[in-house]
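Examining the three-dimensional arrangement
What follows is the residue order along each chain.
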2 protein chains.
Amino acid sequence: MSTATTTLGLKCRECGTEYKDAPQHVCGNDFAPLEVAYDYDRVKKLMTRDALAKRPFNMWRYGELLPESEPVSGFFTGGTPLVHAKNLGKQLGIARLYLKFDGVCGPSLSFKDRVVAVSIARAKRFGFTTVGCASTGNLANAVAAQAAQAGLKAVILIPKDLEPAKVANTQVYGATLIKIDGHYDDVNRLCAEIANDTKIGIVNVNLRPYYAEGSKSMGFEIAEQLGWRAPDNLVTCMAGGSLINKLSKAFNELDKIGLMLSEVKTKFFGAQAAGCNPITEAIKRGSDLIKPVKAPKTIARSIAIGNPADGYSASRLCLDSGGGGDDVTDPEIVDAMKLLARTEGLFTETAGGVTVGTFLKLVKAGKINKAETTVLCITGQGLKTLDPLLIPGILPDAPIIKPSLSEYRKLAI
Amino acid sequence: MSTATTTLGLKCRECGTEYKDAPQHVCGNDFAPLEVAYDYDRVKKLMTRDALAKRPFNMWRYGELLPESEPVSGFFTGGTPLVHAKNLGKQLGIARLYLKFDGVCGPSLSFKDRVVAVSIARAKRFGFTTVGCASTGNLANAVAAQAAQAGLKAVILIPKDLEPAKVANTQVYGATLIKIDGHYDDVNRLCAEIANDTKIGIVNVNLRPYYAEGSKSMGFEIAEQLGWRAPDNLVTCMAGGSLINKLSKAFNELDKIGLMLSEVKTKFFGAQAAGCNPITEAIKRGSDLIKPVKAPKTIARSIAIGNPADGYSASRLCLDSGGGGDDVTDPEIVDAMKLLARTEGLFTETAGGVTVGTFLKLVKAGKINKAETTVLCITGQGLKTLDPLLIPGILPDAPIIKPSLSEYRKLAI
């Protein structure tokens, strides 16, 4: 497994112009996004089922279909469980309901470790000594942790109102943190300017083509865990819209290199918070025309991106695949977090509550065929967003008693 | 793999009296602890290296050496990374320094998921419909999460001053939580009375012989990850003293069934907080006589057990193996948490800070041979104990700026 053997530089998604590998993310002709190109014939020869059987179960096993195959950080990233959600499935009458649980994705407990692992390897190859990002929290954690692993400096820009857990979980790794008086879109715009101007590898700006490819590893794992099959339905939360596109790309690539045992015809369903729903608002209109949300307002801050970079392609994917999308309110998000914990023993952050809550809404509306296989992508860990659970009334008051059996008996447990 | 084929009921650790499997933890003759007995000849035939190669990398791969081999919860528990700590090792001049990182152990992000997975499977076999525990936090999270997975009720008793993250991370799973006005030892005593009196499977009381065996899976994994070798030195935090004993047992059992490629001669080093150090206080005196700590006072609440059930055997193990032990203050714990995050990109809870801090002290004192292989056991996740990091001055104040390049430039990053 070596990078040079399977990747072919960058290619414009629209006009197809080819570029050599560089920290560049848009085409010089039409300003469309650049993507990593692969030599699929070569991938097909190297990434056989026999070869895979000998590799550890983490994201690096799919190295031929990633821009980097040798980690300099995120050494154990990926390889997260696909949980058969028997209890929740039983309540809903869905026998084949699965949860892809990146709440235990190391090192920093979200799927963002996947994209960061790839982009930091590439940053090192390009000679950057500092990496950075615009983040709603999870990416900040991942860049900080993995920059420490790779021996790089990290400069991280976040909206000033992020959850304390995500702030501490960035600073503890020694990263330089800058809080921006604005929404994520302001932070992102500033990062684009910084990337033009300085010698920093901003993982989700000038390293974006490499970065985004890391998300595919979640799709590769889902397909392999389902026995080299794509699910009939996939529901995931959407922020910038990149993840859902890359999950689709992952299934298609596995099909292209001959690893899939059945046809890929996944229906993709996007989930957003009602307080920041630019993509699902378009999907519900049957359109791919995204109207940016100027002032996102939701407890699901990690996906509160008002002007999603990949909103167009995400909405097209959901519409064209026969899927769809919907959004949920803050109380529905919290209820879904609690439901998931109580039925499946998995604690997700608010973004996962968005996925589960939207899924419940789609089931109720008859949009998910209960006889089919459905995968929900749970992208982060509940301990990162405790705040909504700490509001009085959300969890029961626990009684305080003296350590005596008689006091215990009075509780009549 | 089936339980019935390799386990032989319970056996008194002192007098050797044999018992049939039952929710019972002390011998009727001498009140000594009961342990699970195995048919090692049979284990040897079933748990070969070839057989292991075909099994997924999680704790259940070692089913023949556990009291239960078929999970009813904790389906993906264990299989955590052993990280080669190259950056920290370089600072200290130790080439072969490894971190066993259970901060990503699922479902609930600590090594307690290992013991709970085994005890809940056993609770179900015994017909319990409710499980419970006395807990300093991590066990509460694990029992709550896995009871939900297994479809059992959970009743959990904790000291009333536990961290909010651990409280919310217990209640979210639907467990009944009772706060006790007292220290952990008061909680534990009450649980012992409850276990005598009611129909609850208290995992760390009447199910203790089964429960404790789950810890061995961490040792099995370490040995396998080192290429079927035990480390020369192992440092771990100690609460009740059970884990360190079971790690030793794990290495010895792998040796007994012929899987080890070199002799087991691990030196065990125990780590505690200075504010609750009953075991290391004894070790430092060269004694196994534990003087209980009546009022533990440390930020490492998850290991603040003043009267450790296995303190005698833990201190004997450290002394007899040629290892030792030490304890660290609260500021040393926080410094160690930060050091681990900044060098290895791994965020541990306070208990892991105790392990790392004590290790640094042992290195400084010349008690760790730098040419040897050393494993540090990091038993839980940093997001569970954020409080000490949120104290002003511990992490830097992040600047807040407007989203403009000129404001960014003024920071002179």
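These figures come from a predicted structure and were not determined experimentally.

Helices and strands together make up the secondary structure of chain A, namely 17 helices and 14 strands. For chain A, the C-alpha radius of gyration of 21 Å lies close to 22 Å, the compact-globule estimate for 413 residues. Considered along the principal axes of its C-alpha atoms, chain A spans approximately 75 × 45 × 45 Å. Within the span of chain A, comprising 413 residues, buried residues form 60% of the whole. When contacts within chain A are restricted to residue pairs at least 6 apart in sequence, long-range pairs at least 24 apart make up 69% of them.

Residues and elements named next belong to chain A. You can read the domains of chain A as domain 1 (3-61), domain 2 (82-108 + 215-390) and domain 3 (112-211). Between domain 1 and domain 2, the C-alpha centre-to-centre distance is 25 Å. With six residues of domain 1 at the contact, the number on the domain 2 side is five residues. Of the residues that constitute the side of domain 1 that touches domain 2, the class distribution is four nonpolar, no polar and two charged.

Here we take up the pairing of strand β5 (residues 97-101) of chain B. All names here are of chain B. The element β5 is largely enclosed, with a buried count of five among its five residues. Side chains Leu97, Leu99 and Phe101 project from β5 onto one buried face, and the interleaved Tyr98 and Lys100 project onto a second face that is buried too. The pairing of β5 with strand β13 (residues 374-378) spans five bridges and is parallel. Within the sheet, the bridge partner assigned to phenylalanine 101 lies in β13 and is isoleucine 378.

Formed by 263 residues in total, the largest nonpolar core has its most connected members in Val143 and Ile156 of chain A together with Val143 and Ile156 of chain B. If sequence neighbours within four positions are ignored, valine 143 of chain A has contacts with Val116, Val131, Cys133, Ala154, Ile156 and Val203 of chain A.

This part covers helix α14 (residues 330-344) of chain A. All names here are of chain A. Its 15 residues place the ends of α14 21 Å apart at the C-alpha level, agreeing with the 21 Å of an ideal helix rising 1.5 Å per residue. Among the residues making up α14, those that are buried are Ile333, Val334, Ala336, Met337, Lys338, Leu340, Ala341, Thr343 and Glu344. Looking one or two residues past α14, glycine 345 carries a phi angle of roughly 65°, positive in sign.

Time to look at the interface of chain A and chain B. Interface size is commonly expressed as the accessible surface area that is lost when the partners come together. With 66 residues of chain A at the interface, the matching set in chain B holds 66 residues. Every element with two or more residues in the side of chain A that touches chain B is listed here: α6 (138-150), α7 (164-171), β8 (176-180), α8 (184-197), α14, α16 (387-390), β14 (400-401) and α17 (405-410) of chain A. Broken down by element, the residue count for the side of chain A that touches chain B peaks at seven residues, all from α8 of chain A. Inspection of the sheet shows β14 of chain A paired to strand β8 (residues 176-180) of chain B by two bridges, in the parallel sense. When the sheet's bridge partners are listed, isoleucine 400 of chain A is paired in β8 of chain B with lysine 179 of chain B.

The next thing to look at is the pairing of strand β12 (residues 324-328) of chain A. All names here are of chain A. Within β12, five of the five residues are buried, which leaves it mostly tucked inside the rest of the structure. Neither face of β12 is left uncovered, since the one carrying Gly324, Asp326 and Val328 and the one carrying Gly325 and Asp327 both have all their residues buried. Summarising the sheet, strand β11 (residues 267-273) and β12 pair through five bridges and their orientation is parallel. Bridge pairing in β12 links glycine 270 to glycine 325.

On to unusual backbone geometry. Going from glycine 106 of chain A to proline 107 of chain A, the amide bond is cis rather than trans, its omega being 0°. Residue position: proline 107 of chain A is located in the loop between β5 (97-101) and α5 (112-126). Unusually for a residue other than glycine, leucine 109 of chain B sits at a positive phi of about 70°. Leucine 109 of chain B sits in the buried class, given 29 other C-beta atoms within 10 Å. One non-glycine residue, tryptophan 228 of chain B, adopts positive backbone phi at about 60°.

A separate point is the sheet that holds strand β10 (residues 233-237) of chain A. Residue and element names in this part refer to chain A. The sheet built from six strands is open, its strands ordered β4-β5-β13-β10-β11-β12 with mixed pairing. Two strands lie at the open edges of the sheet, namely β4 (82-84) and β12, each paired on one side alone. Ignoring strand direction, the axes of neighbouring strands in this sheet form an average angle of 25°. Packing against the sheet, helix α13 (residues 311-320) makes contact with β11 and β12, and its axis sits at approximately 130° to β11.

Another point: the relation of the copies chain A and chain B. The two copies are related by a screw motion: chain A maps onto chain B through a turn of 180° and a shift of 0.0 Å along the axis, at an RMSD of 0.0 Å. What the rotation and shift describe, once combined, is the action of a two-fold rotation axis. Every residue of chain A has its C-alpha some distance from the rotation axis, and the shortest such distance is that of valine 104 of chain A, at 2.7 Å. Both copies share a contact surface, since 100% of the interface residues of chain A are interface residues in chain B too.

All names here are of chain B. Spatially, the three strands line up as an open sheet ordered β2-β1-β3, and their pairing is antiparallel. Two strands in the sheet have a free side with no partner beyond their single neighbour: β2 (18-19) and β3 (34-38). Note that strand β1 (residues 7-12) and β3 share four bridges and pair antiparallel. By the bridge assignment for β3, lysine 11 is matched with glutamate 35.

Attention now goes to the environment of asparagine 188 of chain B. Residue and element names in this part refer to chain B. You can see asparagine 188 is positioned in helix α8 (residues 184-197). A count of 26 C-beta atoms within 10 Å places asparagine 188 in the buried class. In this structure the C-alpha to C-alpha distance between asparagine 188 and isoleucine 305, which are 117 residues apart in sequence, comes to 9.6 Å.

Mapping phenylalanine 347 of chain B onto the fold places it in the loop between α14 (330-344) and α15 (350-364). Residue class for phenylalanine 347 of chain B comes out buried when judged on the 30 C-beta atoms lying within 10 Å of it. Sequence spacing of phenylalanine 347 of chain B and methionine 337 of chain B is 10 residues, and the spatial spacing of their C-alpha atoms is 6.8 Å. Ignoring any residue separated from it by four or fewer positions in sequence, one finds phenylalanine 347 of chain B in contact with Asn169 and Val172 of chain A together with Gly103, Ala341 and Gly382 of chain B.

What counts and what doesn't
- Residues numbered from 1 in each chain as written.
- Chains lettered and ligands numbered in written order.
- Predicted model: local features only at pLDDT ≥ 70, side-chain atom pairs only at ≥ 80, totals over all residues.
- Helix = DSSP H or I, 4+ residues; strand = E, 2+ residues; numbered from the N terminus.
- Rg over C-alpha atoms; globule rule 2.2 N^0.38 Å.
- Buried ≥ 20, exposed ≤ 12 C-beta atoms within 10 Å, placed from the backbone.
- Contact = placed C-beta atoms within 7 Å.
- Domains from an automatic or database assignment.
- Nonpolar A, V, L, I, M, F, W, Y, C, P; charged D, E, K, R; others polar.
- Pairing = 2+ DSSP bridges.
- Core = buried A, V, L, I, M, F, W, Y, C linked by C-beta atoms within 7 Å.
- Expected span 1.5 Å × (residues − 1).
- Axes fitted to C-alpha atoms, helices over the stretch in contact; angles between N-to-C directions.
- Least-squares fit on C-alpha atoms with pLDDT ≥ 70 in both.

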